[in-house]
Amino acid sequence: MRIGFMVGILGGILLAHAGYATIQYRGMLKIVEEEFSRPPMNVVVELLLGLAFCIWAALAAPAKFRSIHPDSEENRIVSLPANLDFMIFNHRGKVFPCNAEYKLKK
């Protein structure tokens, strides 16, 4: 996970540098009074490399997937906390009328 995170940071830095290089290139073209047609090839390569690093990091950085099946042994414990002081059951939903026809039918 750590290497994926570092590759993602490197990809972000490459993307930011490619944007900065494109802005500099356009400024230089304004000075020499030429028209901007496309960014230089090294900026395009840097963009593609940064994109590849970011995609690889997005796929490599997340942790292992956990099961969502309720009968799975790997499932996390889901229960009410022992301290119920912060559980609030009075909320703004009680302002709306309770119509029986809108409730889900079993």
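The rules behind these values
Residues numbered from 1 in each chain as written. Predicted model: local features only at pLDDT ≥ 70, side-chain atom pairs only at ≥ 80, totals over all residues. Heavy atoms only, no water. Phe/Tyr/Trp six-rings, centres within 6.5 Å; stacked < 30°, edge-to-face > 60°. Helix = DSSP H or I, 4+ residues; strand = E, 2+ residues; numbered from the N terminus. Buried < 20%, exposed > 50% of the residue type's maximum accessible area, 1.4 Å probe, protein only. Lys NZ or Arg CZ within 6 Å of the ring centre and 35° of its normal. Expected span 1.5 Å × (residues − 1). Contact = heavy atoms within 4.5 Å. UniProt positions renumbered as here; feature names shortened; annotations may be inferred.

A. Molecular detail of the packing of aromatic side chains. Enumeration according to the criterion identifies one aromatic pair in this entry. Between the aromatic rings of Tyr25 and Phe36, the centroid separation amounts to 6.1 Å while the plane-to-plane angle is 65°, which identifies the pairing as edge-to-face. Pair noted here: Tyr25 is in helix H1 (residues 2-31) and Phe36 is in the loop between H1 and helix H2 (41-60), with a separation of eleven residues, a long-range link. The partly exposed category is assigned to Phe36, whose relative accessible area is 28%. One Lys or Arg, Arg26, reaches over the ring of Phe36 and ends 4.6 Å from the middle of that ring.

B. Up close: H1. Taking 1.5 Å per residue, 30 residues should reach 44 Å; H1 reaches 44 Å between its end C-alpha atoms and fits that length. Those residues of H1 that fall on the buried side of the exposure criterion are Gly4, Val7, Gly11, Leu14, Ala18, Ala21, Thr22 and Leu29. Buried positions along H1 lie against H2. Where H1 terminates, the next one or two residues include Glu33, which has phi positive at roughly 60°.

C. View of the UniProt feature "transmembrane region" (unreviewed entry) in the protein chain. UniProt's feature table lists "transmembrane region" (unreviewed entry) at residues 42-61, given in the numbering used throughout. Along residues 42-61, the helical share is 95% and the strand share 0%, with 28 Å between the first and last C-alpha atoms.

D. Structural context of unusual backbone geometry. Unlike most non-glycine residues, Glu33 shows phi in positive territory, near 60°. Tracing the sequence through the fold places Glu33 in the loop between H1 and H2.

E. Geometry of the environment of Ala18. Considering the arrangement of structural elements, one finds Ala18 in helix H1. Sequence separation between Ala18 and Glu46 is 28 residues, and the spatial gap between their C-alpha atoms is 6.1 Å. Excluding residues that lie within four positions of it along the chain, Ala18 makes contacts with Val43, Glu46 and Leu47.

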